[in-house]
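Listed below are the residues making up each chain.
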Amino acid sequence: VTGVQTCALPISQFEAVVVQEPRHADAWLALGTARMRSGQLESAVNAYETSLRLVDAPDVRHNLALALVAAGRAAERATDLSTAEHFYRRAVERGANEVEPRQRLALLLARGGRMAEAEQWFRDVLRLAPGDLDATANLANVLVVQGKAREAIPLYEAVLQRRPGDRRTEENLAAARASSR
């Protein structure tokens, strides 16, 4: 079983396999996938962590990062922001070059007023995904809040080159230009 794409057997059957063969990394991966699909996020994380300890494989890291991001988003919905941050940071650690946990973490930090940290994470997103227009606009927003409007202006302009007519970005660019005078 690879990735979160397939999961035909019930969770109980995967649990039986890992009890019989606790060092079977693919069984732990499949169990994580089954638990993820059933909404058992923390149990899915635990299964993926076990699989990763047995075999350090890109698909396991990817699925683990997905499960951690999902758990972070659930924590955000429950307004448990410190837990959400914890899950996003774990996803970054385990997910290697995954963009989504970095993006989620940067947004969470910005909403919490931690602009310098958010700036660094948005820059990290752009290092991995240089064409990400949302990350570019969000980085510009964070720069403006920090009083770095001059640095934000070319970022807003770059977004508008690829997304002409984006009203919010146009408004933010006008505000950045006004505050940089």
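Above this text sits the structure in question.
Scoring rules and cut-offs
Residues numbered from 1 in each chain as written. Predicted model: local features only at pLDDT ≥ 70, side-chain atom pairs only at ≥ 80, totals over all residues. Heavy atoms only, no water. Buried < 20%, exposed > 50% of the residue type's maximum accessible area, 1.4 Å probe, protein only. Helix = DSSP H or I, 4+ residues; strand = E, 2+ residues; numbered from the N terminus. Contact = heavy atoms within 4.5 Å. Core = buried A, V, L, I, M, F, W, Y, C linked by side-chain atoms within 4.5 Å.

1. Some points on unusual backbone geometry
Piece 1. Even without a glycine there, the phi angle at T79 is positive, about 55 degrees.
Piece 2. Of the residues examined, T79 reaches a relative accessible area of 65% and is grouped as exposed.

2. A short note on the side chain of R35
Piece 1. Considering the arrangement of structural elements, one finds R35 in helix 2 (residues 25–37).
Piece 2. Every residue in contact with R35, bar those within four places of it in the chain, is listed here: I11, E15, Q40, S43, A44 and A47.

3. Some remarks on the nonpolar core
Piece 1. Counting residues in each nonpolar core, the largest one holds 44 residues, and the members touching the most others are Y48 and F122.
Piece 2. Here this core takes seven residues from helix 4 (residues 58–77), the largest share from any one element.
Piece 3. Once you skip the residues sitting within four places of it in the chain, F122 turns out to touch Q103, A106, L107, A135, N138, L139 and V142.
Piece 4. Listed in part, the nine residues of the second largest apolar core include I11, V18, L31 and A34.

4. Brief notes about the environment of V19
Piece 1. By the secondary structure assignment, V19 is in helix 1 (residues 11–20).
Piece 2. Residue V19 is classed as exposed on the basis of its relative accessible area, which comes to 66%.
Piece 3. The spatial distance from the C-alpha of V19 to the C-alpha of A135 is 43 Å, given a sequence separation of 116 residues.

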